[in-house]
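Okay, here's what each chain looks like letter by letter:
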Amino acid sequence: MRSPLTAQDLAFLKMAIELASQHMRVRDGGPFGAVITRGADILARGWNQVPSTNDPTAHAEMTAIRAAAAVVASSQLHGCVLFTSCEPCPMCLGAAYWARLDRIVFAATRADAGAAGFQDAHIYEELAKPPRARKLPMRQALREKAVEVFSEWRRLPDKTLY
């Protein structure tokens, strides 16, 4: 059974929602905000910056993950929680897994975002298909050459696993 949300969890979630509201109103980004914490400490805040930076990866969760990783000087965010104003899209959810976050607490759902015009259902559907069946054309070539690089990587004695 999952633990109920605490008053502190709800306070951090409200901060994420307020970030979304503030930055949307000044046209600094879309209506999404995020906060990353470790215990009672806020490591990073993020908000959607896609329109202001022309960066399609500048989602609130991504900007918060990048900032938190810089604060802890690691790509691993063990012991951290992502509070976000909306259920993460596939890209942000993938980044949360790669960052090794302990958990995610979100407010609005992806259906709520869809009703506001933010459609990512097609991405979830595409990810379930094999590469050659996706709408975005994907072709594979030079696999052997790329596998050689992986072989060299495996032999490196001082590599950083992530």
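Summarised in this report is the structure supplied together with it. (Residues numbered from 1 in each chain as written. Predicted model: local features only at pLDDT ≥ 70, side-chain atom pairs only at ≥ 80, totals over all residues. Heavy atoms only, no water.)

## What to know about the side chain of Asp-120
Summarising the element assignment, Asp-120 is placed in the loop between helix H5 (110–115) and helix H6 (121–127). Nearest to the buried, unbridged Asp-120 among oppositely charged side chains is Arg-110, at 5.5 Å. (Helix = DSSP H or I, 4+ residues; strand = E, 2+ residues; numbered from the N terminus. Buried < 20%, exposed > 50% of the residue type's maximum accessible area, 1.4 Å probe, protein only. Lys, Arg positive; Asp, Glu negative; His and termini not counted. Salt bridge = Lys/Arg side-chain N within 4 Å of Asp/Glu carboxyl O.)

## Some remarks on helix H3 (residues 60–72)
Taking 1.5 Å per residue, 13 residues should reach 18 Å; H3 reaches 18 Å between its end C-alpha atoms and fits that length. Those residues of H3 lying buried are Ala-60, Glu-61, Met-62, Thr-63, Ala-64, Ile-65, Ala-68 and Ala-69. Taken together, the buried residues of H3 touch strand S1 (33–38), strand S2 (41–47), strand S3 (80–86) and helix H4 (90–98). One or two steps after H3, the chain reaches Ala-73, where phi turns positive at roughly 55°. (Expected span 1.5 Å × (residues − 1). Contact = heavy atoms within 4.5 Å.)

## Concerning a nonpolar patch on the surface
A surface patch of nonpolar side chains, about 450 Å² in accessible area, is lined by Trp-153, Leu-156, Leu-161 and Tyr-162. Here Tyr-162 is to be found in the segment after helix H7 (143–155). (Patch = residues over 30% accessible without salt bridge, like charges linked within 9 Å, V, L, I, M, F, W, Y side chains within 5 Å. Areas by Shrake-Rupley, 256 points an atom, 1.4 Å probe, with all protein chains shown as cover.)

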